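# Observations on the model geometry
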Amino acid sequence: MKLAAIPMLVIGLCVGCASTGTVTTEQLKYTQWQLSKVDDLAIPASFKASMSFIEALQINGFAGCNKFFGEGSLEDSSLSVSKLGMTRKSCGPELDEFEQQFLQALQQGAVLNMQDQTLVMQAEQKFVFIPK
């Protein structure tokens, strides 16, 4: 009877993780994401932002105007990026403000969730990414 309970426990744990959308370092490693929505609104074509995760949760991407890179850490599904570096172009007040909000969310920490093939990054704003 005890042996029969083990597979049920494993299945229960797997379903629990899938339903909560918890994100792990292994799920992010070697993935690429394209921003598709901010606060549930489609973004203008000029606001293209993306991010990629590589070995040891290093992150790089495009914030809308500038390329960026840094060292990510994931704790309880909250991603924060330290040692953030970037190019320093200006693309106008609206795009520059958007870029600052996006990068600030990465630096201060944002909760990540996987939902239906999307990566949701929740900080002051909600950023929704699709696989690239």
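Residues numbered from 1 in each chain as written. Predicted model: local features only at pLDDT ≥ 70, side-chain atom pairs only at ≥ 80, totals over all residues. Heavy atoms only, no water.

Under an unreviewed UniProt entry, the name given to the protein chain is Heat shock protein, and the organism recorded is Pseudoalteromonas undina.

## Some thoughts on the side chain of T31
Mapping T31 onto the fold places it in strand β1 (residues 31–38). A distance of 2.9 Å separates polar atoms of two side chains, one belonging to T31 and the other to W33. Dropping the residues within four chain positions of it, T31 is found in contact with M51, S52 and F53. (Helix = DSSP H or I, 4+ residues; strand = E, 2+ residues; numbered from the N terminus. Polar contact = N/O pair within 3.5 Å; in protein donor to acceptor, adjacent residues only side chain to side chain. Contact = heavy atoms within 4.5 Å.)

## Topic: the packing of aromatic side chains
The tally for this structure, following the rule as stated, stands at 3 aromatic pairs. Considering the side-chain rings of F68 and F102, the 5.9 Å spacing of their centres and the 75° angle between planes classify their relative orientation as edge-to-face. Here F102 lies in helix α3 (residues 93–108) and F68 lies in strand β5 (residues 67–75), a separation of 34 residues in the sequence. The class for F102 is buried, based on a relative accessible area of 0%. Between F102 and F127, the ring centres sit 5.5 Å apart and the planes meet at 65°, which makes this aromatic pair edge-to-face. Pair noted here: F102 is in helix α3 and F127 is in strand β9 (residues 126–131), with a separation of 25 residues, a long-range link. Take F102 and F127: they sit in the same class, and that class is buried. Linked through ring pairs, F68, F102, F127 and F129 together constitute an aromatic cluster. (Phe/Tyr/Trp six-rings, centres within 6.5 Å; stacked < 30°, edge-to-face > 60°. Buried < 20%, exposed > 50% of the residue type's maximum accessible area, 1.4 Å probe, protein only.)

## Topic: the environment of F129
With respect to the element layout, F129 can be found in strand β9. Sequence-distant contacts of F129, that is, excluding residues within four places in its chain, are made with W33, Q34, L35, S36, M51, F102, T118, L119 and M121.

## Section: unusual backbone geometry
The phi angle at D40 is positive, at roughly 65°, despite the residue not being glycine. Mapped onto the elements of the fold, D40 is located in the loop between β1 and β2 (41–42). The residue K83 is not glycine, and still its phi comes out positive at about 50°. Secondary-structure assignment places K83 in strand β6 (residues 78–86).

## Details of the pattern of salt bridges
Within this structure, the stated rule accounts for 4 salt bridges. Across the salt bridge formed by K126 and D40, the nearest N and O atoms sit 3.3 Å from each other. In this pair, K126 sits in strand β9 while D40 sits in the loop between β1 and β2, placing the two residues 86 residues apart along the sequence. We classify K126 as partly exposed; its relative accessible area is 23%. (Salt bridge = Lys/Arg side-chain N within 4 Å of Asp/Glu carboxyl O.)

## Focus: the state of the cysteines
Under the criterion given, the structure shown has 1 disulfide. Shown here is the disulfide that connects C65 with C91, its sulfur atoms set 1.9 Å apart. Residues C65 and C91 are joined through a disulfide that is right-handed, its torsion about the S-S bond being 75°. Here C91 lies in the loop between β6 and α3 and C65 lies in the loop between β4 (58–62) and β5, a separation of 26 residues in the sequence. Here C91 falls in the partly exposed class, since its relative accessible area comes to 36%. (Disulfide = S-S within 2.5 Å.)

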